[in-house]
Amino acid sequence: MLPPAGVGMKQEPIRLCGACYSESPCHKIEWQLKTVTGCVREIPAKQAPHQLCLLLECPNCGARFKKVPALSVDSRCQRCLMGFGERANWQKIIV
């Protein structure tokens, strides 16, 4: 996927939605677009949208995401071992 014309991408820091990762550990390239600040995933019927601000670092220890967490073997922060599902509890709601 290429960004829309005139929209750049941020390669660092890695940004992610902990709620999405807890459901399916797969990185969405649109999270790296400069114009994207939150997760507004399209949802199947019967599920609520996340509507959460993206994380730039581990909310527990403050370690920046230096690589795409989906590449992590155990789905945890490399420093404090916090899991993806736990990170979702720290994300702020988009208002």
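Okay, so let's go over this structure.

Conventions we followed
- Residues numbered from 1 in each chain as written.
- Predicted model: local features only at pLDDT ≥ 70, side-chain atom pairs only at ≥ 80, totals over all residues.
- Heavy atoms only, no water.
- Phe/Tyr/Trp six-rings, centres within 6.5 Å; stacked < 30°, edge-to-face > 60°.
- Helix = DSSP H or I, 4+ residues; strand = E, 2+ residues; numbered from the N terminus.
- Buried < 20%, exposed > 50% of the residue type's maximum accessible area, 1.4 Å probe, protein only.
- Contact = heavy atoms within 4.5 Å.
- Polar contact = N/O pair within 3.5 Å; in protein donor to acceptor, adjacent residues only side chain to side chain.
- Lys, Arg positive; Asp, Glu negative; His and termini not counted.
- Salt bridge = Lys/Arg side-chain N within 4 Å of Asp/Glu carboxyl O.

### Notes on the packing of aromatic side chains
Phase 1 of the analysis: A complete count under the given rule lists one aromatic pair for this structure.
Phase 2 of the analysis: For the ring pair Tyr-21 and Trp-31, a centre distance of 5.8 Å and an interplane angle of 40° mean the geometry is tilted. Linking Tyr-21 in helix 1 (residues 18-23) with Trp-31 in the loop between helix 1 and strand 1 (38-39), this pair joins segments that are 10 residues apart in sequence.

### Structural notes on the environment of Gly-83
Phase 1 of the analysis: Tracing the chain through its elements places Gly-83 in the loop between strand 2 (52-53) and helix 2 (84-88).
Phase 2 of the analysis: Assessed through its relative accessible area of 8%, Gly-83 is described here as buried.
Phase 3 of the analysis: The spatial distance from the C-alpha of Gly-83 to the C-alpha of Ser-22 is 8.2 Å, given a sequence separation of 61 residues.
Phase 4 of the analysis: Once you skip the residues sitting within four places of it in the chain, Gly-83 turns out to touch Ser-75 and Arg-76.

### Brief notes about the side chain of His-27
Phase 1 of the analysis: On the secondary structure map, His-27 appears in the loop between helix 1 and strand 1.
Phase 2 of the analysis: A distance of 2.9 Å separates the side chain of His-27 from the side chain of Tyr-21, its partner in a polar contact.
Phase 3 of the analysis: Among the polar contacts made by the side chain of His-27, one reaches the side chain of Gln-32 at a distance of 3.4 Å.

### Some details on the side chain of Arg-87
Phase 1 of the analysis: Within the secondary structure layout, Arg-87 lies in helix 2.
Phase 2 of the analysis: One buried charged residue, Arg-87, remains without a salt bridge, the closest side chain of opposite sign being Glu-86 at 7.6 Å.
Phase 3 of the analysis: Here Met-82 takes part through its backbone oxygen, which lies 3.5 Å from a polar atom of the side chain of Arg-87.
Phase 4 of the analysis: With residues near it in sequence (within four places) discarded, Arg-87 still touches Leu-16, Gly-18, Leu-55, Pro-59, Phe-65, Pro-69, Arg-76, Cys-77 and Met-82.

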